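This is what each chain is made of:
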Amino acid sequence: LRVKFVLFRRESGFIAGIVAVLNDKTEQEKLEQEQKQFVSNVSHELRTPLTSVKAYLEALEDGAIHDPEVAHSFIHVSLNETNRMIRMISDLLTLSRIDQKKLPLNKEVVNFVDFLRFQVGRLAQLADADPLNNFTGKFHFVVDFPKGPIWLEIDPDKITQVIDNIIGNALKYSPDGGEIRVTLVVKPSKVLLTISDQGMGISKSDLANVFKRFYRVDQARNSQTGGTGLGLSIVKNIITLHGGSIDAQSQGIGKGTSFIICLPYTDQLSDYNNNQEWDA
Ligand code: ADP
């Protein structure tokens, strides 16, 4: 906190008053520091994959291109790195739109139960069938939803992005497979969506940070999974734009993680939703 005193004197020289100006300099400095850190992170995050693509291209030029097997693997790694850079840039553009309040929500009233069933089915199929995602182990999806429809006003594309990210993480960070449980509980003015896995978990000290931009629990496991460290910060922003909140809980290292998303619904929709059977 910066305090500046200004003295007012009469012509006679006597002090007529003092004005104290309080300037919350620390907050501004913190913001500037964060911005500098962000630019430094972006530069570093992009330079690393670019340096490795450059090294592979140089090796190919130096002769590796003549060995089809080696050439194929160098090209494969370079493509993976390039795809990661593209993902990172598109994530950064999304975050920049959110920062500038230029990410409008295209809200629709949807039956959230049907919506979730569709999303979970799609991702379960992907986890099983997509060889491009290096998901190891077999996953077992379990859903626990209310019987009747639950109506929510959401932007379906953006909430799809949220579900993709959280279930995608559950798959990425559960190297031995296990159960992925998706539960929807309806409260009088909101729904609670919980997505739990039985993967590697997150330590208590890391839990508070996973929603920060570029934060990753372990750099090494990340370069394998091809993540950007931006997914959860986008998720949190999308949920906040919907007037909701998100929380991460760990069952302990090696025992799994739960993400709990709270989404409110309007009074009009509560008339429909509260006619359903729900767990209070
Ligand atoms: P990334 O692209 O690295 O996955 P995210 O922002 O989605 O970035 O996640 C941030 C970090 O939080 C991840 O790098 C990972 O260390 C940790 N994390 C996220 N979800 C899980 C999970 N289900 N289990 C264990 N760790 C997780």
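Quantities reported herein were computed from a predicted structural model and do not represent experimental measurements.

Enquirer: I would appreciate a short explanation of the sheet that holds strand S6 (residues 178-186) in the present structure.
Expert: Pairing between the strands of a sheet is mediated by backbone hydrogen bonds and can be parallel or antiparallel. Sheet architecture is open: five strands sit in the order S4-S6-S7-S9-S8, paired in mixed fashion. Strand pairing shows two members of the sheet lacking a second neighbour, strand S4 (139-144) and strand S8 (245-252), which therefore form its edges. Put simply, the sheet's adjacent strands are angled 15 degrees from each other on average, direction ignored. Sheet analysis places S8 next to strand S9 (residues 256-264), joined by seven bridges and oriented antiparallel. Counterpart to isoleucine 246 in the pairing with S9 is isoleucine 261. Here helix H4 (residues 156-172) sits on the sheet and contacts S4, S6, strand S7 (190-196), S8 and S9; the angle it forms with S4, its principal contact strand, is near 135 degrees.

Enquirer: So what exactly am I meant to see when it comes to the packing of helix H2 (residues 68-99) against helix H7 (residues 231-241) here?
Expert: Packed helices, taken two at a time, are described by their axes: the angle between them and the distance between them. At their nearest, the axes of H2 and H7 sit 10 Å apart, and the two run at 30 degrees to each other. Between H2 and H7, the angle falls in the class roughly parallel. Judged by the sense of rotation from one axis to the other, the crossing of H2 with H7 is left-handed. Contacts between H2 and H7 involve Asp91, Thr94, Leu95 and Ile98 from the former and Ser233, Ile234 and Asn237 from the latter. Taken together, the residues of the contact of H2 with H7 sort by class into three nonpolar, three polar and one charged.

Criteria and cut-off values
- Residues numbered from 1 in each chain as written.
- Predicted model: local features only at pLDDT ≥ 70, side-chain atom pairs only at ≥ 80, totals over all residues.
- Heavy atoms only, no water.
- Pairing = 2+ DSSP bridges.
- Helix = DSSP H or I, 4+ residues; strand = E, 2+ residues; numbered from the N terminus.
- Axes fitted to C-alpha atoms, helices over the stretch in contact; angles between N-to-C directions.
- Contact = heavy atoms within 4.5 Å.
- Parallel < 35°, antiparallel > 145°, perpendicular 65-115°, else oblique.
- Left-handed = near helix turned anticlockwise from the far one by under 90°.
- Nonpolar A, V, L, I, M, F, W, Y, C, P; charged D, E, K, R; others polar.

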